[in-house]
Each structure stands twice: as C-alpha cells, then as structure tokens.
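Results of the structural survey
Okay, here's what each chain looks like letter by letter:
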Amino acid sequence: MKFRIVGCGNLQRMDDGAGVVVAQRLRELGVPAEIQSGGAFELIAGWDRDQHLLLIDAVMTGAPVGTIHVWEGSPPHLPQSTYLSSHGFGLAEAFRLGQILNCLPERITVYGIEGDRFGLGEQVSPEVLAASERVAQQIAYEFAAESQEEEPVQFAD
Amino acid sequence: MSRAARTIRVDTLARVEGEGAMHISLLGERVADVKLRIYEPPRFFEAFLRGRHFSEVADITARICGICPIAYQMSAIHAVERALGLHIDPAVRMLRRLFYCGEWIESHALHVYMLHAPDFLGYQDAIAMAKDHPEVAQRALRLKKIGNHLVALMGGREIHPISAAVGGFYKVPRLEQLRTLVEDLKWAVDASIETVKFTAGLEFPDFEQDYEFVALRHADEYPFNEGRLVSNRGLDIDAAEYEDHFTELHVKHANALHSVVRGRGSYLVGPMARFNLNYERLTPRAKQVAGDIKLKPPVRNPFRSIIVRAVELVFACEEALRIIEQYDPPAQPRVEAPNRAGVGQAITEAPRGILYHRYAIDEKGLIVTAKIVPPTSQNQKRIEDDLREYAARLVAWPLEEATWKCEQAIRNYDPCISCATHFLKLTIDREDEAGTRK
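These numbers come from a predicted model, not from an experiment.

Each value, and the rule that gives it
Residues numbered from 1 in each chain as written. Chains lettered and ligands numbered in written order. Predicted model: local features only at pLDDT ≥ 70, side-chain atom pairs only at ≥ 80, totals over all residues. Helix = DSSP H or I, 4+ residues; strand = E, 2+ residues; numbered from the N terminus. Rg over C-alpha atoms; globule rule 2.2 N^0.38 Å. Buried ≥ 20, exposed ≤ 12 C-beta atoms within 10 Å, placed from the backbone. Contact = placed C-beta atoms within 7 Å. Pairing = 2+ DSSP bridges. Axes fitted to C-alpha atoms, helices over the stretch in contact; angles between N-to-C directions. Parallel < 35°, antiparallel > 145°, perpendicular 65-115°, else oblique. Left-handed = near helix turned anticlockwise from the far one by under 90°. Nonpolar A, V, L, I, M, F, W, Y, C, P; charged D, E, K, R; others polar. pLDDT = per-residue confidence, 0-100. Core = buried A, V, L, I, M, F, W, Y, C linked by C-beta atoms within 7 Å. Expected span 1.5 Å × (residues − 1).

With respect to the overall build of chain B
For chain B, the helix and strand inventory stands at 14 helices and 14 strands. Rg of the C-alpha trace for chain B: 22 Å, near the compact-globule value of 22 Å for 438 residues, within the 12% margin. Each of the three principal axes of chain B carries a C-alpha extent, and together these read 75 × 50 × 35 Å. Within chain B, the proportion of its 438 residues that are buried is 52%. Long-range pairs, those at least 24 residues apart, make up 72% of the contacts in chain B between residues at least 6 apart in sequence.

Quick notes on the environment of B:H250
In this structure, B:H250 sits in the loop between β9 (246-249) and β10 (258-261). Spatially, the C-alpha atom of B:H250 lies 20 Å from that of B:I64, the residues being 186 residues apart in sequence.

Quick word on the sheet that holds strand β7 (residues 228-231) of chain B
Residue and element names in this part refer to chain B. The three strands are arranged β6-β7-β8 in an open sheet whose pairing can be described as antiparallel. A single partner strand is all that each edge strand has here, and the edge strands are β6 (214-217) and β8 (236-237). Relative to β8, β7 is paired through two bridges, and the arrangement is antiparallel. Paired with L229 across the bridge in β8 is I237. Sitting on the sheet, helix α10 (residues 271-278) is in contact with β6 and β7, with an inclination near 50° to β6.

Looking at the sheet that holds strand β12 (residues 353-361) of chain B
Residues and elements named next belong to chain B. Read from one edge to the other, the open sheet built from three strands follows the order β11-β12-β13, with strand pairing classed as antiparallel. The sheet terminates laterally at β11 (342-350) and β13 (367-373), the two strands that pair on one side only. The average angle at which neighbouring strand axes cross in this sheet is 10°, direction not considered. Bridge count for β11 against β12 is nine bridges, and the pairing is antiparallel. Bridging across to β12, A350 finds its partner in G353. Against the sheet, helix α3 (residues 69-84) makes contact with β11 and β12, and its axis sits at roughly 150° relative to β11, the strand it touches most.

Some points on the packing of α10(B) against helix α12 (residues 305-325) of chain B
All names here are of chain B. In contact at an axis separation of 9 Å, α10 and α12 are set at 65° when each is read in the N-to-C sense. The pairing of α10 with α12 is recorded here as roughly perpendicular in orientation. Note on packing geometry: the crossing formed by α10 with α12 is left-handed. Side by side, α10 and α12 meet where P271, M272 and F275 of the first sit next to S305, V308, R309, V311 and E312 of the second. By residue class, the composition of the contact of α10 with α12 is five nonpolar, one polar and two charged.

Observations concerning the environment of B:E318
All names here are of chain B. Secondary-structure assignment places E318 in helix α12. Distance in space between the C-alpha atoms of E318 and R285 is 8.6 Å, their sequence separation being 33 residues. Setting aside anything within four residues of it in sequence, one finds E318 in contact with V189, T283, R285 and A286.

Quick word on the confidence of the model for chain B
Close inspection of predicted coordinates is inappropriate in any region flagged by low pLDDT. All names here are of chain B. For chain B, mean pLDDT is 88; residues scoring 70 or higher make up 90% of the total. Note that pLDDT drops below 50 for residues 418-438; the model gives that stretch 67 contacts with residues more than four away or on any other chain. If you check the scores for this complex, the pTM reads 0.86 and the ipTM reads 0.71.

As for the nonpolar core
All names here are of chain B. Judged by nonpolar contacts, the single largest core of 148 residues is most densely connected at V80, I105, V311, V314 and C317. Residue contributions to this core peak at 15 residues, all from helix α4 (residues 90-121). If we ignore the near neighbours within four places in the chain, the residues touching V311 are V196, F275, A286, V289, A290 and L295. In terms of nonpolar packing, the next biggest core, distinct from the first, is built from 21 residues, V34, I38, L394 and I410 among them.

Brief notes about α3(B)
All names here are of chain B. Under the 1.5 Å per step criterion, the end-to-end length of α3 is 22 Å for 16 residues, consistent within 8% with the ideal 22 Å. The element α3 is extensively covered by neighbouring structure, given that 16 of its 16 residues are classed as buried. A positive backbone phi angle near 70° is found at G85, which sits one or two residues after α3.

With respect to the packing of helix α8 (residues 182-200) of chain B against α12(B)
Residues and elements named next belong to chain B. α12 packs onto α8 with a crossing angle of 165° between their chain directions and a minimal axis gap of 8 Å. The orientation of α8 with respect to α12, classified from their angle, is roughly antiparallel. When you trace α8 past α12, the crossing you get is left-handed. In this structure, α8 contributes V182, L185, K186, A188, V189, S192, I193, T195, V196, T199 and A200 to the contact, and α12 contributes I306, I307, A310, V311, L313, V314, C317, E318, A320, L321 and I324.

What about the environment of A:P105?
All names here are of chain A. Here P105 shows up in the loop between α3 (91-100) and β5 (107-114). Accessibility expressed as a C-beta count within 10 Å gives 23 for P105, which makes it buried. It is 6.0 Å that separates the C-alpha atoms of P105 and D50, two residues lying 55 residues apart in sequence. Not counting chain neighbours up to four residues away, the residues in contact with P105 comprise W47, R49, Q51, H52, L53 and S74.

Now the structure itself:
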C-alpha cells in the first residue's frame, strides 16, 4: 500500500496554514509530503484504493487551540461542520465524492490541528506551531516505520 | 401580486470564487434595484507592488488567485517586458501558450462540470450530481487533473506556479517530459468533445442580450497572450490605449470597481466574447464540434456560455497537443532583463476574460505604480445588467426557483471574486404594498 501525505491549507490565512507548516517540516525531515489548498477536487484527483492517505489540516471544533485530533477510517468520521475550507468543498465533501466514485483510499488518517485565528495574514499561533511540530515528528516516525516494513528482510548468513 | 414589492437576496454566493452577495428589489413587474455586492475585503495588491523590483511581479501577482495564477503571471510579465522593451524567443512564446492551455483546461473543467452543470440538472452541488452521474464526475476530475498536471509541469507546482519569469522561464521542460502528457491530452480532446455534447443537451432559458463583446484578437491565433483588443462595436486598440477607452467606477455596494466602456457602459468579457470575435481562429475540429451542435457566432444567450466553455476546452487540449508535437526547446530559457525606466501595459485572456496590467518602472527596476483590472471586475456591471433584465421575467415565479435562476445567471460568468471562500445561501423577502415583510 502506498503511503501518501498531504498537508492542506493556506499560509496567508493564519492558523489555516497548519497543514502546510507540517508538510514543509516533513520535507525538511526528508519525508515526501504534498501541499494542497484543501479543495475537494484537488484532493480527490490523486486518490486510489491502494493508498494509506495521511491528511493534515487546521480545524475548529471548540477544543483548546493547538489540540491535535486524529480521525481514522475509510472514510474517517469527522465531526459535523468543524472543518475549515477556503473553497466550500473541503475534506468531508472529498470523502463523500470519493465514496461515490469508488476511489476512497483503503486507509485514511486525518490529523486535525485546532486553530484559533483564520483572518488574513501569515502569523500562525504559537500553540498551532508547536502542535504542527509534534504532528510532523509523529508522521516522520510513522513514515520511517512504514518504510521499514516495506523493505525486504535481510537474513545474516 | 403585480404591485407587491419583493426582494431577492443572496447573502453569500455559492459556487463562485470569493465572497459576494446578490440583492434584487422587485416592485410589481419592474426591477427597482440590482446589486452584486462584493464584500470581500480589498486586497491592496497594487499598493504591495510599489517599490518592489519588476522581477518579483510575477510571483506576487500569482497570489491574487489560486484558480488563475497563470493569467496574472502572463499579464504581469508581458506588461513588464513591454516596459523594458524586451523581445522574447518564439519558442518561449509557444511555451507560454502551452502554460495557458493548462490553466484553461483546469479552470473550464472545474466550472463547466462542478460549478455550473449542477444548476442545469437541478442539483444543489457537484457531489449530489455525481451520485446520479458518476461517469460525468469522473470525466471532470480527469480533465481537471490533466490541466493541473500540465500547469505543474510547466510551472514547477500546481498552485501559484514559480517558473514564469520576465524574459522567459526560470526553467523550461524537456521534450520527453512534455511527451508524457500526449496520451492524456489525446484522451482530453475526446473528453472535451463529449463535454460539448453533454452541455449542448442541457436546457437553456430563452434569454438573449445585446452585448458589447470585448476580447483580444490575434492575426491567426485564438487569443491567449497577444493581439489587439477589439469589440463588436468598433473598438480596435492596443493594450497601451486601454485606459483611454475603459474606466473604473467605484460603487458603494462593492469592494471591486465596476469597469465600463467610456461613453457606452457595461461590456462582456470571457468565453462568449472570445468565441464571437475569434470563431475563425478556432481549430478545425473545435469549429466542427461547434457546428455539429449548431453553435455559431454570435452567441448572445449567457446561459449558453457553458457550451462555449466546452468548445474552448476542445481548443485548449488540441492547442496543447500541437505545441508539444512541434516543441523545440528555446536556446536559452530566458533573456536578461536589465533595469530600465518605462511604462508597459498588457492584456491576456484569463479563463474568465481579459486581464489588464500596467506598470511604471523606474531606472532601478522598481515598480512606481501598478494597475490591475481583473475580468470579474469588468463583467461585474454586465452581470447586474443581466440580472436586471432576467429578474423581470421571473416576477411570477416562486421565490425559491427565481432565486436559484438568478444565482445561475451570475454563475454564467464564472465570477472569480477571489480565491477564498465560496458557498451560496440565498433568501428572498417579500413585502406587500404597506411595506410589510412576508
């Protein structure tokens, strides 16, 4: 199963940039990560069944800023109306469309980072930055573990 | 009923790019007032550009829109190159056309299928439509993906591309890279032809208007980056003369300026204008496909713009294939652009219509003044004029249907208010003669 990491968001919309911050950090750590706006049509364009899709996005659920949420499943059950999308069709809509078109990845993990401010600007809240670093480290660890699993086992003579 | 005052209001327009609202006041069978309210905050890009070096203009203006960043880059770069007096390698010019093809493919596929088609088929959104028409949604997504792929290959990434530069490109693709797109583009030509047939089968209101169509016209190409600005009412000017013939007006209800032709008023830019003024410059196959469904200029029904967009999809896919087949990489990706004082204007054809840029540059290469007139600003007054005429025909309709139809009339223009939020919620208030709301 292919491991695919996508950070969603907009760095010009303050805490909405959380997913992008994580993806950029992962790249620094040598982990391949894509950056997308979070629009449903862009997201779904690269999906296929044989994937472990890992998505990172900013959320607003009412939890303290910087809280890290993890939802898993295919599709994951996201809380209603908590996701932020700058394009009207966001993650929840992408999952619905993926189900209809039968291209939903077999395994999906969504990391949601609780944001606070979503106005115009590039300032990301310190709590969101700290959470982004923790999420990046966790994903880098998962990526390394998954990569090792895929490597053929070497036996000593 | 006929003397009742009613208000059709959409507080947040959906399936358009950006934040806007619609307000229509009906008094009996007369439309008393129409306002397309654009309340998204002003973004001050023209002010940001002042004092920046001209080499930064393409990357800054690409940020104006996530749907049509290439249009912003192309208009900006051409305007700066005109200010500097640069001459561009013909191979680079072809690559810029190819770049634009990618943007038209992804933008038109998105609008035709995901934003506009649900209106005609009676669905609230594209996801509801996909349940009943999964094959249509699959086709839309694959077309869009091919456009995205072409943009990413040319621009270095899919959103806010980074390869375009004053003088050419920072990096150009190798022939073998472009050839990886050929099979997809051949499929896309066929899928676009299917798109034309699909859109031609939709039902259209009987609504024609006497528009002034404005578009670029090139001697022998369907226009992207070059040509004179022409209209069906005798306009025929160079981009440098744009501000002599067009002016922008501030209206209280919108944070975007209204453009008008001086002395005449509103005008229409975009696919219908291009098609009507450049039909002969389409590829033979695009013309044939249009002819098969009896689509000939002049098209004056704005609801039929969805078919015209589909015909332009055929053109963009074929043009991309042609450029790739004839591709001979430029000797150098870009020419040097030394600092020089000057003023340059350029107009290119964004998916939604003409996009005007003007820059004044000082001897250090710094921007002194910048002016940007996007296509939606140019269509804004025309949208209001359409609504004024169209709403008058809907007086007897149930409010919910009338509201939907008016939203659809706005979406005819694929307005790109910005690359931010979009979702539509429309309400209609009725008032009786005593002014009591029902």
